[in-house]
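Coordinates in review
Read off the chains here:
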Amino acid sequence: MTHWLFKSEPDEYSLQDLAAEANGSGRWDGIRNYQARNFLRDQVAVGDGVLFYHSACKLPAVVGTAEVVRAAYADPAQFDPESKYFDPKASADSPRWFCVDLAWRSEFKRPIPLAEIKKDPQLAEMVLVRQGRLSIQPVRQEEWDYIVKLGGQ
């Protein structure tokens, strides 16, 4: 099993929104960064753990966990001319963008703020600290264990 950190703006799609989905499971779509797309398409797999991170908000923080329950498939929004994620260069034969399905697993007893992560020497090598803008990023096992512990799990 591999671990990931997925970023979402909570006013668009929060951890609570994922938990409220039917069966606590929903589509993770709208990724339009090639590096993040490549992670989704080529490496993210069923059973992988996900740290759910709220970004672009008052308190950016890791707020809980999810699990990948469906591997990469073509993001249907790229084919919908009414979607803000429409891509006229994408086709059913050659999709450009991918999504996965996640299932809610836990909400932390306390959010782990970005400021705290940046100050913690045990997390200094995290991709989140070094390449903060990437919306999907790998997380090492020791980082996963440490953050989950900090979150009270």
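Cut-offs applied
- Residues numbered from 1 in each chain as written.
- Predicted model: local features only at pLDDT ≥ 70, side-chain atom pairs only at ≥ 80, totals over all residues.
- Heavy atoms only, no water.
- Phe/Tyr/Trp six-rings, centres within 6.5 Å; stacked < 30°, edge-to-face > 60°.
- Lys NZ or Arg CZ within 6 Å of the ring centre and 35° of its normal.
- Helix = DSSP H or I, 4+ residues; strand = E, 2+ residues; numbered from the N terminus.
- Core = buried A, V, L, I, M, F, W, Y, C linked by side-chain atoms within 4.5 Å.
- Buried < 20%, exposed > 50% of the residue type's maximum accessible area, 1.4 Å probe, protein only.
- Pairing = 2+ DSSP bridges.
- Axes fitted to C-alpha atoms, helices over the stretch in contact; angles between N-to-C directions.
- Contact = heavy atoms within 4.5 Å.

Thoughts on the packing of aromatic side chains
Inspection of the entire model under this criterion finds 5 aromatic pairs. Within the aromatic cluster, the residues linked to one another by ring pairs are F6, Y13, W28 and F52. In this arrangement the basic side chain of R37 is found over the ring face of W97, its NZ or CZ atom lying 5.7 Å from the centre. Just above the ring of Y73 sits the side chain of R70; from NZ or CZ to the centre is 3.5 Å.

Here we look at unusual backbone geometry
The phi dihedral of N23 is positive, around 60°, even though this residue is not glycine. Along the chain, N23 turns up in the loop between helix 1 (15-20) and strand 2 (25-28). Phi at A56 takes a positive value of approximately 50°, unusual for a residue other than glycine.

Brief notes about the nonpolar core
Within the largest apolar cluster, 22 residues are counted, with the highest numbers of intra-cluster contacts made by F6, W28, V100, L102 and I136. Taken together, the elements giving at least two residues each to this core come down to strand 1 (3-8), helix 1, helix 2 (34-42), strand 3 (49-54), strand 4 (61-74) and strand 5 (98-113). Ranked by size, the runner-up nonpolar core spans 16 residues in total, among them V62, L114, W144 and V148.

Remarks on the sheet that holds strand 1
Read across the open sheet, the 6 strands follow the order 2-5-4-3-1-6; overall the sheet is mixed. Among the strands making up the open sheet, the edge pair consists of strand 2 and strand 6 (136-139). Strand-to-strand twist in this sheet, taken as the mean axis angle between neighbours without regard to direction, amounts to 40°. Of the strand pairs in this sheet, strand 2 and strand 5 are connected by 4 bridges, and their pairing is antiparallel. Along strand 5, the bridge assignment pairs G26 with L102.

Looking at helix 5 (residues 141-150)
Taken residue by residue, helix 5 has E143, W144, Y146, I147 and V148 as its buried positions. Among the structural elements, strand 1, strand 3, strand 4, strand 5 and strand 6 are those in contact with the buried residues of helix 5. Just beyond helix 5, the residue with positive phi is G152, at close to 90°.

Interpretation note: all reported values are geometric properties and have no functional meaning in isolation.
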